[in-house]
Amino acid sequence: NVPSGYTAPATQTVTVRVWDEADGKLHVQSNMPANGFVLINTYEATGDITFQGTKRIDKRDLLQGDVFQFTVEEEGTSNVWSVTCDPATGKIDYPTISYVVNAAKDDTGEHVYKVSEAKVSANGVTSDKTTYTVTVKVEDQDSKDLKVTTTGDDPAKLDFTNTYEATGVANV
């Protein structure tokens, strides 16, 4: 049996022929390579995190035409995600961020993300200037599942609330 997260190599078949020529010895012949077989196990572990949050506007409801942009940026890398929200529910469509450990890549360690709203200042709506910081720690526990933990701001509560102020001129 192979431990969780590991994949055994393909099966190798060896044919062995044994015969007796009545000379007091058994004779053996096989198709085993002179240097034997090289069997290499592969290993891969994965994990992920999905941020969550909602969009609100103080003093008015979200409207079908409202468009709000949010940015998730991983510090020290070029990883940037631009996301929007569903105006019907206010749910922000954050990405699922995946991590992997295998022969080609090792995502273990700390990943620091800054989450913010793009500036809005139209139709009486002013954007929330909050910037959240979520630190994700990825650990390999020699199984197929990476341990993904967070510190800093709660990744399940990355909410933004804009302010609304109606203005106008009254002709008297």
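So, here's what we can say about the structure. Not measured: the values here are computed from a predicted model. Note that residues are indexed from 1 along each chain, following the sequence as it is written. Side-chain atom pairs in this predicted model are given and counted only at pLDDT of 80 or more, local residue features only at pLDDT of at least 70, and totals for whole chains, interfaces and linings cover all residues. Working from all heavy atoms in the structure, the side-chain values ignore hydrogens and water.

Things to note about the overall build of the chain
Counting its secondary structure elements, the chain contains 0 helices and 15 strands. Against the globule reference of 16 Å for 172 residues, the chain gives a C-alpha radius of gyration of 29 Å, more extended than a compact globule. Dimensions of the chain, computed from C-alpha atoms along their principal axes, come out at roughly 125 × 30 × 25 Å. Burial classes: relative accessible area under 20% of the type maximum marks a residue as buried, over 50% as exposed, and values in between as partly exposed (1.4 Å probe, protein chains only). Expressed as a percentage of the 172 residues in the chain, the buried residues total 27%. Residue pairs at least 24 apart in sequence account for 60% of intrachain contacts in the chain once pairs closer than 6 positions are excluded. Accessible surface for the chain amounts to roughly 11,500 Å². Of this, 47% is attributable to carbon and sulfur atoms. A run of DSSP states H or I qualifies as a helix once it reaches four residues; a run of E qualifies as a strand once it reaches two. Both are numbered from the N-terminal end. With C-alpha atoms as the basis for the radius of gyration, the globule rule is written as 2.2 Å multiplied by the number of residues raised to the power 0.38. Here, residues are in contact when the closest pair of their heavy atoms is within 4.5 Å. Only the protein chains shown count as cover for residues, and the accessible areas themselves come from Shrake-Rupley with a 1.4 Å probe.

Thoughts on the side chain of S127
With respect to the helices and strands, the residue S127 is situated in the loop between β12 (125-126) and β13 (131-139). Once residues within four sequence positions are removed from consideration, S127 is found in contact with E117, A118, K119, V120 and N162.

So, the pattern of salt bridges
Salt bridges are defined as contacts in which a side-chain nitrogen from Lys or Arg sits within 4 Å of a carboxyl oxygen from Asp or Glu. If you walk through the whole model with that rule in mind, you get 4 salt bridges. K105 is paired through a salt bridge with D107; the nearest N and O atoms lie 3.7 Å apart.

A look at the packing of aromatic side chains
Aromatic rings from Phe, Tyr and Trp, with only the six-membered ring used for Trp, were paired whenever their centres fell within 6.5 Å, and each pair was classed as stacked if the ring planes differed by under 30 degrees, edge-to-face if by over 60, and tilted otherwise. All told, the structure shown has 5 aromatic pairs when counted by the stated rule. Seen in terms of ring centroids, W81 and Y113 are 6.2 Å apart; in terms of plane orientation they differ by 50°. Their pairing is tilted. One end of the pair, W81, is in strand β8 (residues 80-84); the other, Y113, is in strand β10 (residues 109-117), with 32 residues separating them in the sequence. Exposure remark for Y113: the relative accessible area of 0% places this residue in the buried category. Ring geometry for Y132 and F160: centres 5.3 Å apart, planes at 80°, overall edge-to-face.

Quick look at a nonpolar patch on the surface
There is a patch of nonpolar side chains on the surface, built from V14, V16, V18, L26, V28, M32, F37 and L39 and spanning about 740 Å² of accessible area. Breaking the nonpolar patch down by element, the ones donating at least two residues are β2 (16-20) and β3 (26-30). Residue placement: L39 occurs in the loop between β3 and β4 (42-43). Here a patch means residues that are over 30% exposed by relative accessible area and free of salt bridges, tied together within 9 Å if like-charged and within 5 Å if nonpolar (Val, Leu, Ile, Met, Phe, Trp, Tyr).

Interpretation in functional terms is not warranted from these geometric data alone.
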